[in-house]
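Below, each chain spelled out in residue letters.
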Amino acid sequence: MENCKGEGSKEQLKVILSQLFYSVLNNTPQQCAELFNFLTCKLAPDYEGAEINLGDEVLMAAISDTYDVPKKFVKEAFHKEGDLGIVSQTFAAQLPVETSTLTFTEVFDQFKHIQQTTGSDSVKRKKLLIQCILKKATPEEALTIVRWLVGNLKTGAGEKTVIGGLSRGLIMFLKPELPIELIEIDSQKIEGLINEAYNIAPNYEEIIRQILANPKNMYQIKEHCSLKVGIPIKPMLSKSIKGFDEILERFQGVQFTAEYKYDGMRGQIHFNRRAEPQVQIYSRNLEKMTTQFPELAEQISKAVKPEIESFIIDTELTAYDKETDKYLPFQILSQRSRKWVTPKDLETKVCICAFDMLYLNGKSLLEIPLCERRGHLHQSFNQCQDFMFARFRDIDANFDVLPYLLDDSLKDNCEGLMLKSLHATYEPSKRSTNWFKFKKDYLEGSSVADSMDLVVVGADWGKGKRKGLFGSFLLACYDVEGQQLQTMTKVATGLTDEDLGVMFGKMKGLIIGKPHQSLLYKDKNVDVWLDPQHVWEVKCADMTLSPIYCAAKNYTGDKGIALRFPRYIRERPDKKINEATSSEQLYDFFRKQQGV
Ligand code: ATP
């Protein structure tokens, strides 16, 4: 797979992957899903939270002990190569294992074992488990095992390409008589349907099981993957709107509602009165965060009416000050650890601001319009200080109330308004034109309607009193189509000396010898490259085209989009790299700024 580079490489990768899937489709759906998970560096669906989270230090120690090389040499090799997989492969080649005896199942089971290892001496035990498999691995296998443990196989095949491979494999397996040109057409069709099914029930094992169990109905896969309490659904997202003129243009003749845009964390709340526990809470990217908010189960149980058996609601979890009755900024909640919530954390009260209902008493509400879903939501709960319905105002012809509502929302420490078409269904995972966010940024004089969430990919050393720390950071947007990061701007403003100290602590271990393989860049205009792991929210005065950056180049042509006067706002720990602002969104902002 590594040789698949350049034009058409994604297609080549899909063909290779489809053959791999084809070869395991005779086995159980579980094994097929495990192959899928392996290729996307996961152990299980995201919502199960089965993350392996190994630091470089543990891996370096395991490599050092496996090959009997001093840790100092392993560290040096890592700084030179920027890839622990290659380091492991190089040392393994010096004591080569003659023949390969490892099986896929053995390796994958060992990964699960590592993930499940907890307790006081878990780091030591995890290291021993890694050594056990590395000892049996050929140099090539060591490369793959270590890269998997780091979380990047570097095959160039992101999740989208793997789904493409799976779809093609399924068609080859289920329709062996199909001529090659039709295989492509059918694979694309089933790929789209798998994506839709995944947005509602994000579990590939279940999807593969359903397709294999009902091959005749494979094109109705969405109907077989229904919404269930305990399996989070990909949330509906919004587009940005730039000003009142654009609102008039978009919503003329459309019945819509304007809701407060609370500044908290998205919380998808699942409830089943007969389950234990009754309440589960999932983040924007489907991770379980029930333990991060232990106080909410009681709040929900109190607010829900006794006749309600089960529900899924979409909410914003917002910190608030009980004394002043004011909402507090997002950062306060995002600082809570997933696992160790302290009594101090619990002093900050959390209000559940509920704005949508997706499931009620065994029935999906996704296909009914927002006005009806909201009706169900309001009938199912009693409001109290820590469970509120999002404040809203329905707008028909009278747009004049909007500035007042926006003003109220800002006074109440919200970010602005969400404008939603009242007759729209719930569109899982879509950045839909039925939902718009109208943030105060535009009113603050920026010509760009929204802030951006960008990935930190490099840094320059600081000068003067910032010496020894990173002083500025190179940021990138994410191109969904090419599964690629694209450089876009450097930011130094907005970071205090204290912030810089904290960021250095978090990022000094992420220095890599070369730009990350998924990064598109022009010149080496940074002191160090960083492994892309952090997403930051950034604001700017406006956007311009620049020959030294690559953001949205696939849309603009020669030059990339860059930010003028960028300013760091905050970290976005709730966003993954592939959820950063996309090149398509950027181009959209840019065109709006140009008045196109
Ligand atoms: P942002 O960075 O602006 O928060 P985002 O990229 O995380 O946006 P968007 O879909 O662009 O996600 O913005 C909508 C977000 O606003 C939702 O994910 C949700 O967390 C938050 N939000 C706050 N209030 C509401 C509301 N009333 N309706 C919908 N979403 C809301």
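These remarks concern the structure in this document. Predicted model only: the values in this text are computed from it and were never measured.

### Focus: the site of the ligand
So, point 1. As a structural note, the neighbourhood of the ligand is formed by 14 residues, with Leu237, Glu259, Arg266, Glu316 and Phe355 the closest of them.
So, point 2. Here the shell around the ligand gets 3 residues from one element, more than from any other, and that element is strand S2 (residues 256–261).
So, point 3. Here the residues of the shell around the ligand are counted per class, giving 6 nonpolar, 1 polar and 7 charged.

### Observations regarding the sheet that holds S2
So, point 1. Within the open sheet, the 5 strands sit side by side as S1-S12-S11-S2-S10. Their pairing is mixed. Two strands in the sheet have a free side with no partner beyond their single neighbour: strand S1 (237–240) and strand S10 (392–395). The sheet shows a mean angle of 35° between the axes of neighbouring strands, taken without regard to direction.
So, point 2. With 4 bridges joining them, S2 and S10 adopt antiparallel strand pairing. The residue bridging alanine 258 from the neighbouring strand is arginine 393, located in S10.

### Considering the nonpolar core
So, point 1. Membership of the largest hydrophobic core comes to 82 residues, with the highest contact counts inside it found for Phe36, Ala197, Ile207, Ile313, Cys353, Leu358 and Leu419.
So, point 2. Considering each element in turn, this core owes the most residues, 9 residues, to strand S7 (residues 349–360).
So, point 3. The residues touching leucine 419, leaving out its near neighbours within four places in the chain, are Ile241, Ile247, Phe251, Phe256, Ala258, Phe436 and Phe438.
So, point 4. In terms of nonpolar packing, the next biggest core, distinct from the first, is built from 42 residues, Val456, Leu495, Val526 and Ala580 among them.

### Notes on the pairing of strand S13 (residues 452–461)
So, point 1. In terms of residue burial, S13 counts as a mostly covered element, since 8 of its 10 residues are buried.
So, point 2. Sheet topology note: the S13/strand S19 (residues 535–539) ladder contains 4 bridges and is antiparallel. If you follow methionine 452 over to S19, its bridge partner there is valine 538.
So, point 3. The pairing of S13 with strand S14 (residues 470–479) spans 6 bridges and is antiparallel. Its bridge partner lying in S14, glycine 458 is registered against leucine 474.
So, point 4. The pairing of S13 with strand S18 (residues 528–530) spans 2 bridges and is classified as antiparallel. Bridge pairing in S18 links alanine 459 to valine 528.

The rules behind the values
- Within any chain, residue numbers begin from 1 and follow the written order of that chain's sequence.
- Residues qualify for local features only when their pLDDT is at least 70, as the model is predicted, and side-chain atom pairs are given and counted only at 80 or more; totals for whole chains, interfaces and linings, by contrast, use all residues.
- A residue counts as near a molecule or strand when its C-beta atom, positioned from the backbone, falls within 6 Å of it.
- In this description a helix means any DSSP run of H or I spanning at least four residues, a strand means any run of E spanning at least two, and both kinds are numbered starting from the N terminus.
- We call Asp, Glu, Lys and Arg charged. Ala, Val, Leu, Ile, Met, Phe, Trp, Tyr, Cys and Pro are nonpolar, and the rest, Gly among them, are polar.
- When DSSP locates at least two bridges between a pair of strands, those strands are taken to pair.
- Inter-axis angles, ranging from 0 to 180 degrees, are taken between N-to-C directions of lines fitted to C-alpha atoms, where helices are fitted over the stretch in contact.
- The term nonpolar core refers to a set of buried Ala, Val, Leu, Ile, Met, Phe, Trp, Tyr and Cys residues connected through C-beta atoms within 7 Å.
- Our exposure labels follow a C-beta count within 10 Å of each residue's own C-beta, placed from the backbone: buried means 20 or more other C-beta atoms, exposed means 12 or fewer, and partly exposed covers the counts in between.
- Each residue gets a C-beta atom placed from its backbone, and two residues are in contact if those atoms lie within 7 Å.

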